[in-house]
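Each chain, written out:
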Amino acid sequence: MRIDVVTIFPDYLAALDLSLVGKARRTGLLDLRVHDLRDWTTDRHRTVDDTPFGGGAGMVMRPDIWGRALDDVLGGPPAQSRLVVPTPSGEVFTQRHAEALAGEEHLVFACGRYEGIDARVAEHYRAAGVPVSELSIGDYVLNGGEVAALVMIEAVARLVPGMVGNPESLVEESHGAAGLLEYPVYTKPPEWAGLEVPEVLLSGHHGRVERWRRDEAITRTSARRPDMIEALDPATLDKHDLRL
Ligand SMILES: CN1CCN(Cc2ccc(Cn3ccc4ccc(-c5n[nH]c(N)c5C#N)cc43)cc2)CC1
């Protein structure tokens, strides 16, 4: 998979040189390139923004600069690329989006700043036949798209075959197949700060452990994310022998 990120703060994406994503880049599993939008400016001040039509506070990022950058980045092979635009007004990014994006050949992240990117940029590439996803990582306000791109790239990259050492660990995920939150996890020592590990986890009885974990997942989800409980379909309840 190839991922390109266009931003005026390329150093923000330095975290992608670390850990699993960094290793995937070094081994060639992930072809990830970061570009400075200002490299496509032509004036001496390397200007990327201007005042908003219709008035209002702040500045808007210019479509002509973004157009030159994205034409270059989208232009080359592979043929099918998806443009991902982090934005506070986007569809909320979920694990389902991560799964869908992980199946793409080439993702291009356009990280805006200021009050955002001129709306004609997304419109132009949609009209040119480029799939465009305008996505938000949550209902809070950030100062730009870079943090959101980091979140989405990590969520997507870990689903790329060969990325995670033990693919089994991707199977039973929070927000995963059962649509429930993850159960609590424990490790040695068995007693710490006067607190003991739940006895069932030391029993070696896999059936009891599985049942306890399912019950804990339901308890947690009911308490913290009632919206997820509402969204559970009967088939999922049956498949995982879940009773609410
Ligand atoms: C007058 N009002 C009119 C509404 N605006 C709204 C607004 C517009 C831009 C910005 C800053 N910004 C620029 C590019 C960019 C990309 C993503 C995100 C982002 N924030 N939160 C998420 N989950 C994000 C994601 N993903 C923020 C971004 C902040 C707030 C404010 C002023």
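A. View of the site of the ligand. Taken together, 19 residues lie around the ligand, and Glu115, Ser136, Gly138, Tyr140 and Leu142 are the ones closest in. Here a nitrogen atom of the ligand and a backbone polar atom of Leu142 are 3.0 Å apart. Here the ligand has 660 Å² of accessible area as a free molecule, and 71% of this is covered by the chains. Listed by contribution, the elements that provide at least two residues to the shell around the ligand are strand E5 (81-92) and strand E7 (132-136). At three residues, E5 tops the list of elements feeding residues into the shell around the ligand. Grouping the amino acids of the shell around the ligand by side-chain chemistry returns nine nonpolar, eight polar and two charged.

B. Geometry of the nonpolar core. Ile3, Leu30, Phe109, Met152, Ile153 and Met163 are the most contacted members of the largest nonpolar core, which has 29 residues in total. Among the elements of the structure, strand E1 (2-7), helix H1 (19-27), helix H3 (95-102), strand E6 (106-110) and helix H5 (146-157) are those that each provide at least two residues to this core. Ranked by residue count, the leading element in this core is H5, at eight residues. When residues no more than four places from it in sequence are discounted, the contact partners of Met152 are Val84, Pro86, Phe93, Phe109, Leu135 and Ile137. Judged by nonpolar contacts, the second largest core, of 21 residues, contains Leu70, Leu74, Ala122 and Val132.

C. Unusual backbone geometry, seen in detail. In the segment running from Lys188 into Pro189, the intervening peptide bond is cis, with an omega of 5°. Here Pro189 lies in the loop between helix H6 (168-171) and strand E8 (191-192). Phi is positive for Arg46, which is not a glycine, with a value near 55°. Within the secondary structure, Arg46 is located in the loop between strand E2 (31-36) and strand E3 (49-50).

Definitions and limits used
Note that residues are indexed from 1 along each chain, following the sequence as it is written. This being a predicted model, a pLDDT of at least 70 is required before a residue's local features are given, and a value of 80 or more before pairs of side-chain atoms are given or counted; all residues contribute to the totals for chains, interfaces and linings. Excluding hydrogens and water, the side-chain values take into account all heavy atoms of the structure. Here a residue counts as near a molecule or strand whenever at least one of its heavy atoms sits within 4 Å of it. Polar contacts, as used here, are pairs of N or O atoms within 3.5 Å; protein pairs need one atom able to donate a hydrogen and one able to accept it. Residues neighboring in sequence count only if both atoms are side-chain atoms. Only the protein chains shown count as covering a residue, and every accessible area follows the Shrake-Rupley method with a 1.4 Å probe. Only DSSP runs of H or I with at least four residues qualify as helices, and only runs of E with at least two residues qualify as strands; both kinds are numbered from the N terminus onward. Throughout, the ten residues Ala, Val, Leu, Ile, Met, Phe, Trp, Tyr, Cys and Pro are labelled nonpolar, Asp, Glu, Lys and Arg are labelled charged, and all others, Gly among them, are labelled polar. Here the nonpolar core consists of buried residues drawn from Ala, Val, Leu, Ile, Met, Phe, Trp, Tyr and Cys, with membership extended through side-chain atoms lying within 4.5 Å. Throughout, exposure labels follow a simple rule: accessible area from a 1.4 Å probe, protein chains only, divided by the maximum for the residue type, with under 20% read as buried, over 50% as exposed, and the rest as partly exposed. Whether two residues touch is decided by their heavy atoms; if any such pair falls within 4.5 Å, the residues are in contact.

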